[in-house]
Each structure stands twice: as structure tokens, then as C-alpha cells.
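Now for the letters of each chain:
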Amino acid sequence: MNRLRKIGRFFKYQYVKLLRDKGGASVVAMGFAVGLFVEMFNLPTYGTSFLLIFPLNYLLRGSFAAALVGFLFGKTIYIPMSIVNAKMAGWVLPRHFVVQVPFLPNWINHALLLNLKLIIGGIIDGAILGLLFYFPIRFSVETFKRKRREKRRLNRAQMEANAVLE
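Residues numbered from 1 in each chain as written. Predicted model: local features only at pLDDT ≥ 70, side-chain atom pairs only at ≥ 80, totals over all residues. Heavy atoms only, no water.

**Things to note about the packing of helix α4 (residues 64-92) against helix α5 (residues 106-165)**
Two measures define how a pair of helices packs: the angle their axes make with one another and the distance between the axes.
Then, number 1: It is at 7 Å that the axes of α4 and α5 come closest, and there the two elements cross at 120°. Classified by the interaxial angle, the pair formed by α4 and α5 is oblique. Crossing hand, α4 versus α5: right-handed. On α5, the residues that touch Phe73, Ile77, Tyr78, Met81, Ser82, Val84, Asn85, Ala86, Met88, Ala89 and Val92 of α4 are Lys117, Leu118, Ile120, Gly121, Gly122, Ile124, Asp125, Ile128, Leu129 and Phe133.
Then, number 2: When the residues that make up the contact of α4 with α5 are grouped by side-chain class, the tally is 15 nonpolar, four polar and two charged. (Axes fitted to C-alpha atoms, helices over the stretch in contact; angles between N-to-C directions. Helix = DSSP H or I, 4+ residues; strand = E, 2+ residues; numbered from the N terminus. Parallel < 35°, antiparallel > 145°, perpendicular 65-115°, else oblique. Left-handed = near helix turned anticlockwise from the far one by under 90°. Contact = heavy atoms within 4.5 Å. Nonpolar A, V, L, I, M, F, W, Y, C, P; charged D, E, K, R; others polar.)

Written out as C-alpha cells, the structure reads:
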């Protein structure tokens, strides 16, 4: 039981550290958006797209910790989103688009086409999801920081009032 409590405290501590990130709310939100974006096309690339988190976070000035949280969140919603990814790619790709590598069996060509659809649809849906999640996360982190500042200001005023009374 003690070990479970330590794990819970560890995750709560990491959450608070993330919310108190010095970069501000936009850095945390951008990191989350980058992680979610990359996860949406990670599976068909056999995990190699995970390496995109590093340069994208650097270029877009996102938080790496928030990107990992976004990446993990993307893993939890990937299965239902893969259906949407394939549909989105079906809308974008030409109707009679085929992957045909002459020396490969037909079933492998079909699997390559499905992976291509998941990648293209994942990039589009990942960008949309990243944009959709950016603003609520930024707003919630700003609200958390504003409440924290207000609480600290009130505590400081209370301590000063107590010091004057003593």
C-alpha cells in the first residue's frame, strides 16, 4: 500500500512540476500538442516518428515533459482515431490510389497502402487535434498559475497581518 501511495505522490509531483514550468502556459500547451501530433502517425512508422518530438519541440519551443504526456495521451486514443485517420486519408488520396511494388505479394502491397493511409490521415488528424488541444490546455495552465499567484499573495498578506498584530 505504501508503494502505491509513493507512485501516486510521484505522479502528482510531476503534474505540479509540469504546471509550474518556467516557460509558461504556451510552452506546456505546445509540448502537449507536439506529442499528440507525433503519436497520431507513430504506429505505422514503427515508432521511428517518436524521434520527431525532439526537433519539433526545439523548433516550436515546447516542453519535452508535456510532449511525453501528449504522446501518452495519444496512445490511449489511437485505436479509435486510427479509423478516423484511414477515413481522412481516403478523402485526401485519389480514389484509385494503389501501392504496387512489383516483386512483393499483393497482401504486402495492401498492407503498405493501409500504412500509408494511416500515416497521411494521422498527420492531418494529429495537426487538427494538436490545434484543438493547444488552447484549452494553455487556458487551464494559465488559470492554475493565476490561482496559485493569488493564493500566494493572500497568504503573504495574511502573514504580514499576523506579524503586525504580534
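**A look at a nonpolar patch on the surface**
Then, number 1: A cluster of nonpolar side chains, contributed by Leu4, Ile7, Phe10 and Phe11, occupies part of the molecular surface with about 440 Å² of accessible area.
Then, number 2: You can see phenylalanine 11 is positioned in helix α1 (residues 2-19).
Then, number 3: Note on phenylalanine 11: relative accessible area 54%, which makes it exposed. (Patch = residues over 30% accessible without salt bridge, like charges linked within 9 Å, V, L, I, M, F, W, Y side chains within 5 Å. Areas by Shrake-Rupley, 256 points an atom, 1.4 Å probe, with all protein chains shown as cover. Salt bridge = Lys/Arg side-chain N within 4 Å of Asp/Glu carboxyl O. Buried < 20%, exposed > 50% of the residue type's maximum accessible area, 1.4 Å probe, protein only.)

**Notes on helix α2 (residues 25-39)**
Helical periodicity: at 3.6 residues per turn, an α-helix aligns residues three or four positions apart in one direction.
Then, number 1: The end-to-end C-alpha distance of α2 is 21 Å, a good match for the 21 Å that 15 residues give at a rise of 1.5 Å each.
Then, number 2: A large share of α2 lies buried, amounting to twelve of its 15 residues.
Then, number 3: Within the span of α2, buried status applies to Ala25, Val27, Val28, Ala29, Gly31, Phe32, Ala33, Val34, Gly35, Leu36, Val38 and Glu39.
Then, number 4: On the buried face of α2, the contacting elements are α1, α3 (53-60), α4 and α5. (Expected span 1.5 Å × (residues − 1).)

**A word on the nonpolar core**
The nonpolar side chains of a soluble globular protein tend to be buried, and buried together.
Then, number 1: In terms of nonpolar packing, the biggest core is built from 16 residues, with Val28, Leu36, Met40, Leu129, Ile137 and Val141 touching the most fellow members.
Then, number 2: Looking at this core, the elements that each hand over two or more residues are α1, α2, α4 and α5.
Then, number 3: Excluding its chain neighbours within four sequence positions, the residues that come into contact with valine 141 are Leu19, Ala25 and Val28.
Then, number 4: Formed by five residues, the second largest nonpolar core is a distinct cluster that contains Val34, Val38, Ala67 and Phe71. (Core = buried A, V, L, I, M, F, W, Y, C linked by side-chain atoms within 4.5 Å.)

**Describing a positive patch on the surface**
Then, number 1: Together, Arg3, Arg5, Lys6 and Arg9 give the surface a local cluster of positive charge.
Then, number 2: Among the structural elements, arginine 9 can be located in helix α1. (Lys, Arg positive; Asp, Glu negative; His and termini not counted. Charge placed at Lys NZ, Arg CZ, Asp CG, Glu CD.)

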